[in-house]
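An overview of the molecular structure
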Amino acid sequence: MATVELRFSAQPEHVRTARLVAAAVARRAGVDEAVLDELRLAVGEACSRAVGLHRSNGITAPVRVVLTEEEKAFSIEVGDEVPGAGVAAADAAGVPGARSGAPVEDFDDAEGEDEMGLAVISGLVDDVEVSSDQAGGVIRMSWPTTPATVSP
């Protein structure tokens, strides 16, 4: 299981870099070329959401992106450090794995945009989970991979 971890300061200009790295690692892991555009969009949306949460809540910690190549899947986790944010929005977007009852209203996270971003992600990715606790939130997305064929 190969893992690439990327951390970047919560600046919008770094989102593009995260998208490019995610697409390159996904391609190398065997994700189908046909879904790479959707993967890039989903990663961009998740990273933009994390950047927005950090900036609107005055958090200076970096946004983290973990890219993991597993045996038959490739997963991406985008994490923020805003405690409890985004869970109610994830419930509203129908994203599995989201927890209800978190105090989203306690944070300035532009709830409408948050719901829209999570809805976009869930429309682009079949396997997506959103979780959040006092340490922050994570959006986990995964795609199937095809094993590399070895030429004789």
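1. Examining the overall build of the protein
Scanning the protein for helices and strands turns up 4 helices and 5 strands. Helices (α) and strands (β) of the protein occur, in sequence order from the N terminus, as β-α-α-β-β-α-α-β-β. Looking at the protein as a whole, 41% of its 152 residues qualify as buried. Residue pairs at least 24 apart in sequence account for 67% of intrachain contacts in the protein once pairs closer than 6 positions are excluded.

2. What about the pairing of strand β2 (residues 63-69)?
Consecutive side chains along a regular strand alternate between the two faces of the sheet. Among the 7 residues in β2, 5 count as buried, and that is most of the element. As paired elements, strand β1 (residues 2-8) and β2 share 7 bridges and run antiparallel to each other. If you follow Thr 3 over to β2, its bridge partner there is Thr 68. The sheet contact formed by β2 and strand β3 (residues 73-79) spans 6 bridges and is antiparallel. Among the inter-strand pairings, Thr 68 is bridged to a residue of β3, identified as Ser 75. The hairpin formed by β2 and β3 contains 3 residues between the paired strands.

3. Overview of helix α2 (residues 36-56)
Compared with the 30 Å implied by 1.5 Å per residue over 21 residues, the 30 Å span of α2 between its first and last C-alpha is a close match. Every buried residue of α2 is accounted for by Leu 36, Leu 39, Ala 42, Val 43, Gly 44, Ala 46, Cys 47, Arg 49, Ala 50, Val 51, Leu 53 and His 54. Phi turns positive, to about 65°, at Gly 58, one or two residues after α2.

About the cut-offs
- Residues numbered from 1 in each chain as written.
- Predicted model: local features only at pLDDT ≥ 70, side-chain atom pairs only at ≥ 80, totals over all residues.
- Heavy atoms only, no water.
- Helix = DSSP H or I, 4+ residues; strand = E, 2+ residues; numbered from the N terminus.
- Buried < 20%, exposed > 50% of the residue type's maximum accessible area, 1.4 Å probe, protein only.
- Contact = heavy atoms within 4.5 Å.
- Pairing = 2+ DSSP bridges.
- Expected span 1.5 Å × (residues − 1).

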